[in-house]
Structure formats: C-alpha cells, structure tokens
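Coordinates in review
Spelled out, the chains give:
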Amino acid sequence: MFPLKTKNLLNQLLAGSSISKRRFESVFRAFSWAVIASTLFMINGCTAEETCEEILPASFRITNEADAAAILEFCEISGDLTIDLGGSSLKDIELVNLKSLGGVLRLASNPDIERLIFPLLDTIDGGLVIEGNKSLVELGLDSLTRLGGSALFRHNASLQSLEMPALESIDLDLMLTSNDALELFSVPRLSLVLGALVVSGNPVLEALEYPELRGVAKGMEALYNPFLLRFSAPVLEEVGGGFALGFMPLLSALELSMLRQVHGYFSMEQLDSLDVLELLELEAVGNNLWILSNEGLVSFATPDLVHVGTSLKVGLNPRLAVIRMSKLERIGTDALIFNNSGLPQCLVDAVIEDVQSAEGIGGKTQFCDLWGCNLDACTCSRDLEGIMVACE
C-alpha cells in the first residue's frame, strides 16, 4: 500500500536510524496520506488488482516528492489540486491514476518542474491554471474531455506544444497568452466555449485550427502572434461577443466559411499577408465592423451582411480593389470607408447608396483622411451580374 521509498524510510525509523527533522516531516506526511488511502481501501473493499476507486474528499497541495507519492493512488480528488514546489528540486510529476478533479488544477510559478502528466484525467470541474513555469516542456492532458471552469496558460517560457486531443467543451474562458516557445496548440475536438477564447502574445505560434468549434459565447481574439500563418474555424457559426484578428503580419490563410453572426465588434487589423477576406455567410455584426491597415488585402466580401450595429470602418488598405456588401441595409452610426488608394470610389458610393435606400446610415460618411482618399479615377455601372468598374 505504501510507496517503496516511504516503506524504506519507515523501516529506518522503526530500526532507530537517525534522519533529519525535515526528512522525518516528509516521511510523516507521506505516511499520513497513505494511512488515509488504506482506510478508504478498506471502506470500499478494494484490492490492488481491482479498478481504482479511491477518492480524496478534500483539496491537496503537492510541495515535494513525498506529497507526489502520497497522492499517486487516488483516482478522484473532490477539491483543488495545487502544485507549489517552492524550493523542491522535483522536476517530473505523473499522476497515473487521477481521472477526475472537483476543483481547480493549479501549477503556478514553479521554476524547475519540466513534466506534468495526467494520462487518465478526463474531467476538471473547476479551472485550470498553468502559469509562470519557466522550465515546463511537457504538459500531458491527453484524456481531458471537459473543463468546468476557465483555462489559463500563460508565461510558460519553455513549453513548445500544448495538445488536448479529447477536449470538447469549456464552461468559461480559454486564455493562451505569452508563451514564448509555443509552436503548436491543438484542440481538434473542441466544439463549444461558454466564455471567451483568447490567444495572444505567443511569438512563435504558427497556426490556430479549430476544426469542430461551433460557438463561442463571449469574445474571440487572436492578437500579436507574429509568426501565425493560419487561422481556421470552418464550422464556427456564432460569436457572442467581439471577434478580433490583428497584428499578425504573416497570416495568409483564413477560414471562416460558416460564420453567420458576431454579437459584438468585428475587427481585422494589420494582417499584411492576407489578400482575400471573404465572410460569405456573415449576416449581422452587433457593434463595429472595422477592416484597417491590411497591407496586402485586395478583396473584401460580405455578400449576405445585412446589419452593422454601430460603425463601419474600412481604411488604410492600400491594395484593396474590391468591396462587396450588396445586401447591407443598415449602419447604426458612421460609415467610414477612407484612404484605400486602390479602391474605386464609385464602388464605395454604390455601397453607401444601397444602404441609404434601405434602412439608412445613423451617422456621418467619410471617404478621406488627412493622408489620402479612395481611388477617384474610375466609373461604375450596374448590370445583372453586379457592378462593373472601368478605371483610367
């Protein structure tokens, strides 16, 4: 029942051997938890050969190797599990039996730990905090299916990959920020986030792919990930808050083919390698719709968009030549389509005229700023296929 190391140390004590006070306290703690485990075994009638059914009806804190050994045999912890190693030299923790955690899993500011593995953990009813662990290179959460709280992964300087292949839902927020070495983030089965989904400030992250994600109840952001090449959420239909992609100059592949509604703002800014932005199913944006300072953007199309809740701002996109918003009926406040030096002004005029002939524009219109206007040297004509443009 007792771990081998604990047995050996207990034998030393019984034999009268001399050990340090600190060593004695460590052994005593491990022994105490082992006694609790033994009692639970007797209550449940379990043997070592049977399926693990041991439950710890409390929270637990791992501060050293003895604590890690003492908790090893539990399958379920009803409270929090906190890993706070302080001055311990422990580098590797693998809890091979733990399947369920009723509270929060927290690993924060442990400078020496390198591996934290939970091969069977499938449910965390509380949150998950992995923060400020500068040596952590491996985090094993392969069986995690459901997270009942928020997940925070931040300032883990050596973590190169974060994979949760079984994760299906998160009841609150998912925040992935400022992990300097992170190249791979994978949640292939994630379908629902009931809070916000934020990925920002990860300097070497290359892709964000959410193949099964259908809804985010609050905001969704991917910002300041300078090496991000791809963003894909092919079945995402609705975002309950704002949606922002920005300050990622290498992003060239964007897939949002099923997105119908964004209840907050929608912003695309400084995506310099993106040449085409097509939101073919988007029908409504509840707040601002801003497309700003995208150096390589040539075409912007929202053919089914009907309502913009507040302002429409499309500006400082020097290569933009095509804008398609043929069903737009209402702009809540200002319509600012300005300083797109390659965008024919007559196309902009057509958009504005269509909106004004429907439900209208609630504020001002603007086509220039202090530095420039749209392209004036073109004429437009309408036919059955749309608007035809001829430029000098």
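Use the structure listed above.
Points about the nonpolar core
The biggest cluster of nonpolar side chains holds 94 residues, and the ones touching the most others in it are Tyr 210, Phe 231 and Phe 243. Take this core: its biggest share by element is five residues, from helix H4 (residues 345-357).

Comments concerning the sheet that holds strand E32 (residues 299-301)
Overall, parallel pairing links the three strands, which are arranged E29-E32-E35 in an open sheet. At either margin of the open sheet sits one strand with a lone partner, and together these are strand E29 (276-278) and strand E35 (322-324). Pairwise comparison of adjacent strand axes, ignoring direction, gives a mean angle of 0° for this sheet. Strand direction decides the pairing type here: E29 and E32, joined by three bridges, are parallel. Residue pairing for E32: Glu 278 is matched across the bridge by Ala 301.

With respect to the sheet that holds strand E8 (residues 115-117)
Spatially, three strands are ordered E5-E8-E11 in an open sheet, and the strand pairing comes out parallel. Where the open sheet ends on each side, the last strands, each with one partner, are strand E5 (92-94) and strand E11 (138-140). Averaged over all pairs of adjacent strands, the angle between their axes in this sheet comes to 5°, without regard to strand direction. Here three bridges tie E5 to E8, and the two strands are oriented parallel to one another. Bridge assignment links Asp 92 to a residue of E8, and that residue is Arg 115.

Looking at the environment of Asn 339
Note that Asn 339 resides in the loop between strand E37 (335-338) and H4. It is 8.6 Å that separates the C-alpha atoms of Asn 339 and Val 314, two residues lying 25 residues apart in sequence. A polar contact is formed between the side chain of Asn 339 and the side chain of Asp 369, at a distance of 3.1 Å.

Details of empty space enclosed by the protein
To find leftover empty space, a probe the size of one water molecule is rolled over the atoms. Tallied over the full model, the rule gives one cavity of 30 Å³ or more. Of the volumes computed, that of the largest cavity is approximately 30 Å³. Around the largest cavity, the lining residues are Leu 85, Gly 86, Ser 88, Leu 90, Asn 110, Pro 111, Asp 112 and Ile 113. Its residues assigned to classes, the lining of the largest cavity shows four nonpolar, three polar and one charged.

Some remarks on the layout of surface pockets
In this structure, the second largest pocket spans a volume of roughly 390 Å³. What lines the second largest pocket is a set of 17 residues, among which Ile 323, Arg 324, Leu 347, Gly 386 and Ile 387 lie closest to the centre. Of all the secondary-structure elements, those providing two or more residues to the lining of the second largest pocket are E35, H4, strand E42 (378-383) and strand E43 (386-391). Here the lining of the second largest pocket takes four residues from H4, the largest share from any one element. Classifying every residue of the lining of the second largest pocket gives 10 nonpolar, two polar and five charged.

Regarding the pattern of salt bridges
Counted under the stated rule, the structure contains 11 salt bridges. Among the salt bridges present, the one from Glu 168 reaches Arg 189, with a minimum N-O distance of 2.7 Å. Note that Glu 168 is positioned in the loop between strand E14 (161-163) and strand E15 (169-170) and Arg 189 in the loop between strand E17 (184-186) and strand E18 (192-193), a separation of 21 residues in sequence. Its relative accessible area of 30% is what places Glu 168 among the partly exposed residues. Across the salt bridge formed by Asp 304 and Lys 327, the nearest N and O atoms sit 3.1 Å from each other. Of the two residues, Asp 304 is situated in the loop between E32 and strand E33 (307-308) and Lys 327 in the loop between E35 and strand E36 (330-331); the sequence distance between them amounts to 23 residues. Of the residues examined, Asp 304 reaches a relative accessible area of 23% and is grouped as partly exposed. A relative accessible area of 46% places Lys 327 in the partly exposed class. Ionic contacts of the salt-bridge type, sharing partners, join the residues Asp 92, Arg 115 and Glu 138 into one network.

Topic: the state of the cysteines
This model, assessed by the stated rule, comprises three disulfides. Each disulfide pairs two cysteine sulfurs, and for Cys 346 the partner residue is Cys 380, the sulfurs being separated by 1.9 Å. Disulfide Cys 346-Cys 380: torsion about the S-S bond near 55°, hence right-handed. Taken together, the positions of Cys 346 in helix H4 and Cys 380 in strand E42 put the pair 34 residues apart, joining distant regions of the chain. Judged by relative accessible area, Cys 380 falls into the partly exposed class, the value being 29%. What pairs with Cys 368 in a disulfide is Cys 373, and their sulfur atoms sit 1.9 Å apart. Its S-S torsion of about 110° marks the bond between Cys 368 and Cys 373 as right-handed, since a negative value means left-handed. Cys 368 sits in the partly exposed class, given a relative accessible area of 32%.

Quick notes on the rules
- Residues numbered from 1 in each chain as written.
- Predicted model: local features only at pLDDT ≥ 70, side-chain atom pairs only at ≥ 80, totals over all residues.
- Heavy atoms only, no water.
- Core = buried A, V, L, I, M, F, W, Y, C linked by side-chain atoms within 4.5 Å.
- Buried < 20%, exposed > 50% of the residue type's maximum accessible area, 1.4 Å probe, protein only.
- Helix = DSSP H or I, 4+ residues; strand = E, 2+ residues; numbered from the N terminus.
- Pairing = 2+ DSSP bridges.
- Axes fitted to C-alpha atoms, helices over the stretch in contact; angles between N-to-C directions.
- Polar contact = N/O pair within 3.5 Å; in protein donor to acceptor, adjacent residues only side chain to side chain.
- 1 Å grid on protein atoms, 1.4 Å probe; cavity = no way out; pocket = protein on both sides within 12 Å on 5 of 7 lines; lining within 4 Å.
- Points joined across faces, edges and corners; volume = space filled by probe spheres on them.
- Nonpolar A, V, L, I, M, F, W, Y, C, P; charged D, E, K, R; others polar.
- Salt bridge = Lys/Arg side-chain N within 4 Å of Asp/Glu carboxyl O.
- Disulfide = S-S within 2.5 Å.

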